[in-house]
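Chains, contacts and geometry: an overview
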Amino acid sequence: MIQFPKIIQGGMGVGVSNWRLAQAVSKLGQLGVVSGTALDQLFVRRLADGDKGGNMRRGLDAFPFPDMAKRIWQEYFVPGGKPSGTPYPPVPMHQRRDVRKLVELCMVSNFVEVFLAREGHKNPVGINFLEKVQMPHLSSIYGAMLAGVGYVLMGAGIPLHIPGVLDAFAAHHAAEYKLSVTGAAVGQDTQMHLDPADYAEGPLPFLGRPRFLAIVSSNTLATTMLRRASGRVDGLVIETPTAGGHNAPPRGKLQLNAAGEPVYGERDQVNIQELRALGVPFWLAGGYGNARKLREALDQGAAGIQVGTAFAFSEESGMRPDLKKRLMAQAKVGAGEVFTDPLASPTGFPFKVAQLEGTSSAFNIYQERKRVCDLGYLRDPYATADGNIGYRCSAEPVANYLAKGGKIEDTVGRKCLCNALMANIGHAQVRKGDVEEPALVTVGDDLNTIATFLAPGRQSYTAADVVRSLLSLSAEVEETEEPARVMEPVLAIA
Ligand SMILES: Cc1cc2nc3c(=O)[nH]c(=O)nc-3n(C[C@H](O)[C@H](O)[C@H](O)COP(=O)(O)O)c2cc1C
């Protein structure tokens, strides 16, 4: 019988759930998950910062296509790191047909993150992607599979076609993925395509087919995923609207409370009994980061829980130490405030924002930032009048967005999550005049509970402290840790 982890450390982009955090959690027999979002960009910035500790280099040395690894190292590594106050190098933005360099960066960076998370133990590691960020999907998934990723988890959209991609790559076939293009004409070609054979530098390595977990927020979506997906869905993560990161919008017409946050009602409740009847393992997420909630989830028939916020503040996470510290100080006195912002994210989904001075949660910081769109992960592909595909982001400079046919009302309150999330993990872009991109921290509604993981006299806690605490009311869980699942993809040649 397959044993599943009781705790999934949720994917937290960009780089909050990095390889260190995922490795720490997986070593403990639970599921550590790296974020796959914008890893290409993050990888370039780590190399530009001089690859302190040599971890990226170690990962590159293990990459099965050495010429590709060498090209990337030679282009982006800066010995000793770039001088402070100078910008990170530009990386091309994603499109339906990415330039080869970008495909290679995605493959390599996803490989390295998973490779590092798998070092030193034999337990599975997962990778998390957002369905909304479609353009890097194929190359990212392939890179993660080359490193033997055990689970792919995906939400923020309906990832119906990912299971088929996993099957294709595991069988050494090319994979296709239909890009959602606003206003595309019937029959317009919007497929993305990746044939691993075009990139391999020898026989293709053996690849296991990772398990696929869809992150959904309703019974309807859960059923849709299981009925209509292009291949096997191995389980579901059910995320409620208290979870950190993006939230599903409320069902029906959007209503806001007095503070301006979306109001969730009865229709947004998930029926656990119906979920159980679907017959696949499921994990509950959103405010489940304590021992009592894990016990409750198990009693309801869940395989376990997915937890984000508690792990985001552990020592191993990639969040900037000063941000962790300031939010921890708020949490200790119960003063942490989280706003579910219906406008901030260019995805259009509500996005949870910790209220913290000096970050874009503050109106003055948001207003002072000059709109720039140079990372482009959240750009929305749209059909142009001449039958091509254009790309626009509602947080880009307003005039540019309007010139691309975007609507003015869609630009209001939009924040550049791409640049902010890079700033959250210590890789802020530097603009003219030594101006650094401001941070914007996302956390769950349960922010104030993070202080409960601190041992007396301690100012910080580790991922192991979180795992131990979560399991404290589910003692038998220790016996059901997933047995070592050996996947050595790079060694065996198909
Ligand atoms: C900092 C942070 C970033 C997150 N980023 C993502 C993400 O990139 N993809 C995703 O599927 N979920 C993301 N989430 C949601 C988590 O994976 C998880 O489901 C959620 O945090 C669980 O609720 P909790 O925060 O109450 O523990 C994020 C959560 C946090 C706190």
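Residues numbered from 1 in each chain as written. Predicted model: local features only at pLDDT ≥ 70, side-chain atom pairs only at ≥ 80, totals over all residues. Heavy atoms only, no water.

1. A closer look at the overall build of the chain
Secondary structure assignment for the chain yields 16 helices and 16 strands. A globule of 494 residues ought to have a C-alpha radius of gyration of about 23 Å, and the chain, at 21 Å, matches this closely. Burial analysis of the chain (494 residues in total) assigns 57% to the buried set. Look at the contacts in the chain between residues 6 or more apart in sequence, and 71% of them connect residues 24 or more apart. A total accessible area of about 20100 Å² is found for the chain, and carbon and sulfur atoms account for 53% of it. Taken as two groups, the 51 positive and 50 negative side-chain charges of the chain have centres that lie 1 Å from each other. (Helix = DSSP H or I, 4+ residues; strand = E, 2+ residues; numbered from the N terminus. Rg over C-alpha atoms; globule rule 2.2 N^0.38 Å. Buried < 20%, exposed > 50% of the residue type's maximum accessible area, 1.4 Å probe, protein only. Contact = heavy atoms within 4.5 Å. Areas by Shrake-Rupley, 256 points an atom, 1.4 Å probe, with all protein chains shown as cover. Lys, Arg positive; Asp, Glu negative; His and termini not counted. Charge placed at Lys NZ, Arg CZ, Asp CG, Glu CD.)

2. Topic: the nonpolar core
L236 and F311 are the most contacted members of the largest nonpolar core, which totals 130 residues. Per-element tally for this core: the top contributor is helix α5 (residues 100-118), with 10 residues. Discounting chain neighbours no more than four positions away, the residues touching F311 are I7, Q9, M12, L21, V25, S317, A463, V466, V467 and L470. Counting 12 residues, the second largest nonpolar core, distinct from the first, contains V33, L153, L213 and I215. (Core = buried A, V, L, I, M, F, W, Y, C linked by side-chain atoms within 4.5 Å.)

3. Quick word on the site of the ligand
In the region of the ligand, 20 residues are neighbours, and E239, G287, Q306, G308 and T309 sit closest. One nitrogen or oxygen atom from the main chain of G11 is found 2.9 Å from an oxygen atom belonging to the ligand. In terms of residue class, the shell around the ligand is built from 6 nonpolar, 13 polar and 1 charged. (Near = heavy atom within 4 Å. Polar contact = N/O pair within 3.5 Å; in protein donor to acceptor, adjacent residues only side chain to side chain. Nonpolar A, V, L, I, M, F, W, Y, C, P; charged D, E, K, R; others polar.)

4. Quick look at the side chain of N219
Mapping N219 onto the fold places it in helix α8 (residues 219-228). Looking at N219, the relative accessible area reads 13%, which means it is buried. At 2.8 Å, the side chain of N219 forms a polar contact with the backbone nitrogen of N271. Filtering out sequence-adjacent residues up to four positions away, N219 remains in contact with Q269, V270, N271, E274 and L275.

5. Regarding helix α1 (residues 19-27)
Among the 9 residues of α1, 7 are classified as buried, and the element is accordingly described as predominantly covered. Considered for burial, the residues of α1 that qualify are W19, L21, A22, Q23, A24, V25 and S26. One or two steps after α1, the chain reaches G29, where phi turns positive at roughly 85 degrees.

6. Description of the sheet that holds strand β7 (residues 211-216)
On the basis of which strands lie adjacent, the open sheet formed by 8 strands has the order β1-β10-β9-β8-β7-β4-β3-β2 and parallel pairing. The two strands at the open ends of the sheet, each matched to only one other strand, are β1 (7-9) and β2 (32-35). Adjacent strand axes in the sheet meet at a mean angle of 25 degrees, parallel and antiparallel pairs treated alike. Relative to β7, strand β4 (residues 151-155) runs parallel, the two being bridged by 4 bridges. The residue bridging M154 from the neighbouring strand is A214, located in β7. Its contacts with the sheet put helix α10 (residues 291-299) on β1, β9 (282-285) and β10 (304-307), and the angle it makes with β10 is roughly 140 degrees. (Pairing = 2+ DSSP bridges. Axes fitted to C-alpha atoms, helices over the stretch in contact; angles between N-to-C directions.)

7. Observations concerning the confidence of the model for the chain
The share of residues in the chain with pLDDT of 70 or more is 96%, and the mean pLDDT across the chain is 94. Contacts from residues 477-494, a stretch scored under 50 in pLDDT, to residues over four places away or in other chains number 58 contacts. (pLDDT = per-residue confidence, 0-100.)

8. So, the pattern of salt bridges
Going through the model one piece at a time under the given rule, you end up with 20 salt bridges. For the salt bridge of R209 with D234, the shortest nitrogen-to-oxygen distance reads 3.0 Å. Of the two residues, R209 is situated in the loop between β6 (191-194) and β7 and D234 in the loop between α8 and β8 (235-239); the sequence distance between them amounts to 25 residues. Of the two residues examined, R209 and D234, each falls in the buried class. Notably, a salt bridge pairs D299 with R295, separated by 3.0 Å at the nearest N-O pair. (Salt bridge = Lys/Arg side-chain N within 4 Å of Asp/Glu carboxyl O.)

9. Considerations on unusual backbone geometry
Across the junction of G13 and V14, the peptide omega takes the value -20 degrees, indicating a cis bond. Counting through the fold element by element, V14 comes out in the loop between β1 and α1. In the Ramachandran plot, D51 falls in the positive-phi region, its phi being about 50 degrees despite a non-glycine side chain. Topologically, D51 is positioned in the loop between α2 (39-48) and α3 (55-62). Given the relative accessible area of 7%, D51 is considered buried. Phi angles above zero are rare outside glycine, and H172 is one such case at about 65 degrees. Structurally, H172 can be placed in the loop between α7 (162-170) and β5 (175-178). Look at H172 and you get partly exposed, because its relative accessible area is 25%.

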